[in-house]
Amino acid sequence: MTASPVDIERSQLEELDKESLIVIILTLQEQLRQLRQQVEEQAAEIQSLRDQLAKNSQNSGKPPSSDGLKKPRRSSLRRKGSRPTGGQAGHAGHTLAMVAEPNVVEVHEVRACPHCAKDLALVAPCEHERRQVFDIPPVQLTVTEHQAEVKICPGCGERVKGDFPASVNQPVQYGPRIKAQASYLNTYQLIPLARTCELLDDFYNHKPAEALVLNANDAVSAEIEPSLEAVQRQLLATDVVHFDESGLRVEGQLNWLHVASTATLTYYIVHPKRGQQAMDDMGILPKFRGRAVHDHWHSYLTYDGCLHALCNAHHLRELQFIAEQYKQAWAEKMIQLLLDIKAEVDTSAPGQMSLASDRLIHFEQRYDGLIAQGLQLNPPPAQPPPKKRGRKKQSPPKNLLDRLQRHKPQVLAFMYDFRVPFDNNLAERDVRMIKIKQKISGAFRTRSGAETFCALRSYISTSRKHGINVIDAIQQALAGQPFVPERVA
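Bear in mind the structure is a predicted one, so any value in this text is a computation, not a measurement.

*Asks:* Explain empty space enclosed by the protein to me, please; I cannot follow it from the model alone.
*Replies:* To find leftover empty space, one rolls a probe the size of a water molecule over the atoms. Inspection of the entire model under this criterion finds one cavity of 30 Å³ or more. Quantified by volume, the largest cavity comes out at close to 40 Å³. For the largest cavity, the full set of lining residues is Phe243, Asp244, His258, Val259, Met279, Met282, Ile284, Leu285 and Tyr300. Secondary structure elements with two or more residues in the lining of the largest cavity: strand 3 (240–250), strand 4 (253–261) and helix 7 (276–282). When the residues that make up the lining of the largest cavity are grouped by side-chain class, the tally is seven nonpolar, one polar and one charged.

*Asks:* Would you mind going over the pattern of salt bridges with me for this structure?
*Replies:* Pairing of side chains with opposite charge becomes possible as their charged atoms draw close. This structure, assessed with the given rule, holds 14 salt bridges. Where Arg274 meets Glu245, a salt bridge forms, and the shortest distance between an N and an O atom there is 2.9 Å. Here Arg274 is found in the loop between strand 5 (266–271) and helix 7, whereas its partner Glu245 is found in strand 3, with 29 residues between them in sequence. What makes Arg274 partly exposed here is its relative accessible area of 25%.

*Asks:* Would you explain the packing of helix 11 (residues 357–377) against helix 12 (residues 396–406) in this entry?
*Replies:* Helix packing for two helices is described by the angle between their axes and how far apart those axes are. Put simply, helix 11 and helix 12 touch, their axes get as near as 10 Å, and they point 150° apart. Classed by the angle they form, the pair helix 11 and helix 12 counts as roughly antiparallel. The chirality of how helix 11 crosses helix 12 is left-handed. Along the contact surface, helix 11 presents Tyr367, Ile371, Gly374 and Leu375, while helix 12 presents Lys398, Leu401, Asp402, Leu404 and Gln405.

*Asks:* What is the right way to look at the pairing of strand 5 in this model?
*Replies:* Two faces make up the sheet, and in a regular strand the side chains alternate between them. Counting buried positions over the six residues of strand 5 gives six, a clear majority of the element. Here strand 5 shows two buried faces, one formed by Thr266, Tyr268 and Val270 and the other by Tyr267, Ile269 and His271. When strand 4 meets strand 5, the two strands line up antiparallel, connected through six bridges. Within strand 5, the residue paired with His258 across the bridge is Ile269. Linking strand 4 to strand 5, which pair antiparallel, is a turn of four residues.

*Asks:* How should the sheet that holds strand 4 be read in this particular structure?
*Replies:* Sheet strands line up and pair through hydrogen bonds in the backbone, either parallel or antiparallel. Read across the open sheet, the five strands follow the order 5-4-3-6-7; overall the sheet is mixed. Two strands bound the open sheet, and with one partner strand each, they are strand 5 and strand 7 (307–310). In this sheet, neighbouring strand axes are inclined to one another by 25° on average, regardless of whether the strands run parallel or antiparallel. Seen against the sheet, helix 16 (residues 447–465) touches strand 3, strand 4 and strand 5 and runs at an angle of roughly 170° to strand 5.

*Asks:* It is not clear to me how the packing of aromatic side chains should be interpreted in this structure. Could you clarify?
*Replies:* Here the distance between the centres and the angle between the planes together describe a pair of aromatic rings. Applying the stated criterion across every chain yields a total of seven aromatic pairs. Between the aromatic rings of Phe243 and Phe288, the centroid separation amounts to 6.0 Å while the plane-to-plane angle is 65°, which identifies the pairing as edge-to-face. Residue Phe243 is found in strand 3, and its partner Phe288 is found in the loop between helix 7 and strand 6 (291–294); the two are separated by 45 residues along the sequence. Taking the relative accessible area as the measure of exposure, Phe243 reaches 2% and is therefore buried. You can call Phe288 buried: its relative accessible area is 0%. Look at Phe321 and Tyr326: their rings are 6.2 Å apart centre to centre, the planes differ by 70°, and that puts the pair in the edge-to-face class. Each member of the pair, Phe321 as well as Tyr326, is classed as buried. A cation over an aromatic ring shows up here: Arg274 above the ring of Trp297, its NZ or CZ 3.7 Å from the ring centre. Lys342 extends its terminal NZ or CZ atom over the ring of Phe422, reaching a point 5.8 Å from the ring centre.

Calculation notes
- Here, residues in each chain are numbered from 1, in the same order as that chain's written sequence.
- Predicted model: local features are reported for residues with pLDDT of at least 70 only, side-chain atom pairs are reported and counted for 80 or more only, and whole-chain, interface and lining totals are derived from all residues.
- With hydrogens and water set aside, each side-chain value is computed from the structure's full complement of heavy atoms.
- Using a 1 Å grid laid over the protein atoms alone, points where a 1.4 Å probe fits but cannot get out form a cavity; open sets with protein on both sides within 12 Å along at least 5 of 7 lines form a pocket; any residue with an atom within 4 Å of a point counts as lining.
- Grid points are joined across faces, edges and corners, and a volume is the space filled by probe spheres set on the points.
- Helix numbers and strand numbers start at the N terminus; a helix is a DSSP run of H or I with at least 4 residues, a strand a run of E with at least 2.
- Just so you know the grouping, Ala, Val, Leu, Ile, Met, Phe, Trp, Tyr, Cys and Pro go in nonpolar, Asp, Glu, Lys and Arg go in charged, and all remaining residues, Gly too, go in polar.
- By definition here, a salt bridge exists when the distance from a side-chain nitrogen of Lys or Arg to a carboxyl oxygen of Asp or Glu is within 4 Å.
- Buried means the residue's accessible area, taken with a 1.4 Å probe over protein chains only, is under 20% of the maximum for its type, while exposed means over 50%, and partly exposed covers the values in between.
- Axis geometry follows a simple rule: fit a line to the C-alpha atoms, using only the stretch in contact for helices, then measure angles between N-to-C directions, giving values from 0 to 180 degrees.
- Under this scheme an angle from 65 to 115 degrees is roughly perpendicular, one under 35 degrees roughly parallel, and one over 145 degrees roughly antiparallel; angles in between are oblique.
- A clockwise turn of the near helix away from the far one marks a right-handed crossing, whereas an anticlockwise turn of less than a right angle marks a left-handed crossing.
- Throughout, a residue-residue contact means that at least one pair of heavy atoms, one from each residue, lies within 4.5 Å.
- Should DSSP find at least two bridges between two strands, the strands are taken to pair.
- Aromatic rings from Phe, Tyr and Trp, with only the six-membered ring used for Trp, were paired whenever their centres fell within 6.5 Å, and each pair was classed as stacked if the ring planes differed by under 30 degrees, edge-to-face if by over 60, and tilted otherwise.
- Remark: a charge is flagged as sitting over a ring if the NZ atom of Lys or the CZ atom of Arg is within 6 Å of the ring centre and within 35 degrees of the ring normal.

What follows is the structure, encoded as C-alpha cells:
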C-alpha cells in the first residue's frame, strides 16, 4: 500500500528522485485544494445556518407567529413624527353622547327629605338630572306563521289556494336575518361552526344545527356571482392592483391563497399551485395592463403585459437583516435612502404625480452608488466545478444587490408615479384575515368549503371597503340583491 505524502518523513523525502517529489507536490496541492474547498463549503453552510437563526419577523418575511415566545425587540424603520401621540387638534372624537329622544324614560322620585324627613311626595320637581344608559333589549327568535287560504270555487268547484311568499318554501325554516348573522359570525368574525351555534344559543336561547351555517354560506355564495364578476372586471380596468399569495391548508394538503386587491376591491381564490398556473386560473394578471404591486416572487414577473412595482417593506426587512448579520454599511444607507424618497413623496404638493426631474436624478445616483458599494463588498462567487450542476450559490447580500440592480425601475416606481404605493401592505392586510381563519380552525376540511369561504370573503371585504354594513350586505345577497360595486377603484 502506497504511503500518503503527508505520512512520508523527511529522511525518506531526501532519498526520492525529482520526479517522485513532483508527484508528491502535485498530490499535496490537490489535497490542499480539496481541503480549502471543503472549508469554504462548510463555512458557507455555517453562515447559512447562522442566517436562519438570525431571521425573525422584524428582518425577514417570516410571520410574527414564527418568533415563538421569545419575541425580538421591535426596531421600527418608520421615522418618528413631529406630532404628539393621541388625538390631534381638531379631531372630533367618538365619545358616547346623550340623545335628545330616549326610547325609555324612568323617573326616580324623591319621596322624603333625607335631612329633615319631610314628606315630598306632593312637591313638584324643579328640574331633572339626566343620565342615559345604552343597552340592548332582551332578544329572542320570533316565529312567523304563514297561512295560505284554501277555498272551493263556487263557480267551478275547484280547490284553490293562496300563494306563499317565494322565500317561504319549506314547512319549517329559518329566516334571512338569522341566516345572515350565522354567515357573518362564521365568515367575517371567523368563529367556527360549533361555536357559532353556541353563540346563537346564548343570544337567542335557540341552538341551530351546524347545517344552518353551511347552508347560509352556500346560499350567499350562489347569489354573489354578479358581484365577484364585477370585481374581476374592475380590477382589470384599474391602474394599480396589489397581488399576494400565502400558504393555506386544504384537505390536509398545502394549497395557496391568492389575492388581488385595491382600496375598494378584493378578490380571493384558493389553488393547489403557487405560481403561474394559479395566476392564470385567477384570470386577472394574464389580461391586466396596469401596474402590478407585489413582492419579488418570480412568477409575477413572467407577465410582461403589465408594469410591475416591488414591495419596499420586504426590501427594508432584508436590508435590516444584512445590516445586522453581515455588518455592511451600504445596507443601512440604502434603508435611509428609501425612507428619504418616501418622505419626499409623502410631503409633495397636492396634485403632483412625480418627483421633479432633478430630484429623480439625485436619488437615482445615490441608489446606483450604494449598489456599487455593495457589489464591491460582495463579488460574484467562484465558478463551480464543471461536473456540478445548477446555479452558483450566492450570499444573501449578493442576491439582494442583484435584485435591486436588475429591478431598479420597479423598486423606485413609487417616486416616478405617485399612484404606485411604497409597499404592498394593502394586499398583505387582506391576506392576514384568511391566515387568522386558518390559525383558528387549523385547515379547511373540503375544497368546496375553502372556495366558498374565499368567495364570501371577497364579497364581504369589497362591501366593507365601500362602507357597507357586513350583515346588511349578506342579507341583500340572501334576498337575491347582492351589492355590486359600480365604480372602478
